[in-house]
Amino acid sequence: MRKNIVAGNWKMNTTVQEGVALAKEVNDALAAGKNNCDVVICVPFTHLVPVAGAIDSKVLGLGAENCAQYDKGAYTGEVSASMVASTGAGYVILGHSERRQYYGENNDTLKAKTRLALDNGLTPIFCVGEVLEERENGSYNDVVQSQVEALFDLAAEDFSKIIVAYEPVWAIGTGKTATAEQAQDMHAHIRSVIAGKYGNEIADNTSILYGGSCKPSNARELFAKPDVDGGLIGGAALKADSFMGIVEAFN
Ligand code: PGA
């Protein structure tokens, strides 16, 4: 059966020292309790090595927030999937709406990044989601479907390693959460799109996370929905207390 997962996305926040302290706090809180989900933190590239050294990988997973679309070579300033994997990280967020919007990532870039992530043993947390205009004009199901279909060149075995994160762009960092019903409807749609391509077994085993102003006060209601398998958490992942409050929504 699919896993429940709570993943933090720190974005461009915290110094290395602050990040190591936050990671340790989350790690220790998880180690002290009994948790009913996998927990992952996705951190800036500069933080990967020191955070990997500060946490117990059996307690807390570690990921990057992006990786390069090329394997290696003359791409000044880029960080490859193999570099990310060599830090000890096991995950990478791909296709976050901020990457799509500000850095021009599209289906072609994301196909290449996903391929490289998988080839290097990383689990992609692949983000999809519509903007406000698409929510309002009713095209959101088609938009998200086409974002998921960007991965449909993958063999079934590879697709089965992907975690999908549905993040309606209008809900990210805005305090405006999708209702649990809106999230459930979209997650069920995504699952049916996956089933149409890869069959029910793979669709049922794919974890689909919700992201966008998820916090301790709304996580329980969101995660109670049958197709919502956890969350991708931005702002509320920057404090151990609020992040743990979301993890505890599964208890
Ligand atoms: P938010 O961000 O929780 O701050 O809305 C979520 C995300 O962008 O992954």
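Throughout, a residue's number is its position along its own chain's written sequence, starting from 1. Per-residue local features are limited, in this predicted model, to residues with pLDDT of at least 70; the limit for side-chain atom pairs, both in listing and counting, is 80 or more; totals at the level of whole chains, interfaces and linings are taken over all residues. Values shown for side chains rest on all heavy atoms present in the structure; no hydrogens or waters enter the calculation.

Engineer: Account for the site of the ligand, with residues named and values stated.
Structural biologist: Close to the ligand lie 13 residues, the nearest being Lys11, His96, Glu167, Gly173 and Ser213. Polar contacts, as counted here, are pairs of nitrogen or oxygen atoms within 3.5 Å of one another; within protein the pair requires one atom able to donate a hydrogen and one able to accept it, and residues that are adjacent in sequence qualify only if both atoms are side-chain atoms. Residue His96 places a side-chain N or O atom 2.6 Å away from an oxygen atom belonging to the ligand. Between an oxygen atom of the ligand and a main-chain N or O atom of Gly173, the distance comes to 2.7 Å. With residues, only the protein chains shown are counted as cover, and all accessible areas are computed by Shrake-Rupley using a 1.4 Å probe. When the free accessible area of the ligand is taken as 280 Å², the share hidden by the protein chains comes to 95%. Residue composition of the shell around the ligand, grouped by class: 4 nonpolar, 7 polar and 2 charged. For each residue, the test is whether any non-hydrogen atom lies within 4 Å of the molecule or strand; if one does, the residue is near. Residues are grouped as follows: Ala, Val, Leu, Ile, Met, Phe, Trp, Tyr, Cys and Pro are nonpolar; Asp, Glu, Lys and Arg are charged; every other residue, Gly included, is polar.

Engineer: Requested: an account of the side chain of Gln184, with residues and values cited.
Structural biologist: When you line up the elements, Gln184 lands in helix 9 (residues 180–198). Note on contacts: a residue pair qualifies if any of its non-hydrogen atoms lie within 4.5 Å across the two residues. When near neighbours in sequence (up to four residues on either side) are disregarded, Gln184 contacts Lys225, Pro226, Asp227 and Val228. Under the scheme used here, helices are H or I runs from DSSP no shorter than 4 residues and strands are E runs no shorter than 2 residues, and both carry numbers assigned from the N terminus.

Engineer: If you had to explain the packing of aromatic side chains to someone new, which residues and values would you point to?
Structural biologist: Only the six-membered ring of Trp is used, alongside the rings of Phe and Tyr, when aromatic pairs are assigned; centres must lie within 6.5 Å, and planes under 30 degrees apart are stacked while those over 60 apart are edge-to-face, with the rest tilted. All told, the structure shown has 6 aromatic pairs when counted by the stated rule. Residues Phe152 and Tyr198 carry aromatic rings whose centres are separated by 5.4 Å and whose planes lie at 90° to one another, so their mutual orientation is edge-to-face. Of this pair, Phe152 sits in the loop between helix 7 (140–149) and helix 8 (156–159) while Tyr198 sits in helix 9; the two residues are 46 residues apart in sequence, bridging distant segments of the chain. Neither Phe152 nor Tyr198 differs from the other in exposure class; each is buried. Ring centres of Phe223 and Phe250 lie 4.7 Å apart, and the angle between their planes is 15°; on these two criteria the pair is classed as stacked. Note that Phe223 is positioned in helix 11 (residues 216–223) and Phe250 in the segment after helix 12 (240–247), a separation of 27 residues in sequence. An identical accessibility class is assigned to Phe223 and Phe250; each is buried. These aromatic residues form a ring-pair network of at least three members: Phe152, Phe159 and Tyr198. Using a 1.4 Å probe on the protein chains alone, a residue whose accessible area is under 20% of its type maximum counts as buried, one over 50% counts as exposed, and one in between counts as partly exposed.

Engineer: I'd love a proper account of the sheet that holds strand 3 (residues 61–64), names of residues and values included.
Structural biologist: If you trace the 8 strands once around the closed barrel, you get 1-2-3-4-5-6-7-8, paired in parallel fashion. Averaged over all pairs of adjacent strands, the angle between strand axes in this sheet comes to 25°, irrespective of strand direction. Criterion used throughout: strands pair if DSSP finds at least two bridges between them. When strand 6 (residues 163–166) meets strand 7 (residues 208–211), the two strands line up parallel, connected through 3 bridges. From the neighbouring strand, Ala165 faces strand 7, where its bridge partner is Leu209. Angular values range over 0 to 180 degrees, each being the angle between N-to-C directions of two axes fitted as lines to C-alpha atoms, with helices fitted over their stretch in contact. Sitting on the sheet, helix 2 (residues 45–54) touches strand 2 (38–42) and strand 3, and the angle it makes with strand 3 is about 160°.

Engineer: So, the pairing of strand 2: which residues are in play, and what are the values?
Structural biologist: Taking burial as the measure, the 5 residues of strand 2 include 4 buried ones, the bulk of the element. Pairing of strand 1 (residues 5–9) with strand 2, which is carried by 5 bridges, proceeds in the parallel orientation. Looking at the pairing, Ala7 lines up with Val40 of strand 2. Throughout, right-handed denotes a crossover for which the path from the first strand over the helix to the second runs clockwise when the strands point away from the viewer. Regarding the hand of the β-α-β motif, the stretch spanning strand 1, helix 1 (residues 16–32) and strand 2 is right-handed. Both strand 2 and strand 3 contribute to a ladder of 3 bridges, which runs parallel. Note that in strand 3 the partner of Ile41 across the bridge is Leu62. Assessed by its sense of winding, the connection that carries the chain from strand 2 through helix 2 to strand 3 is right-handed.

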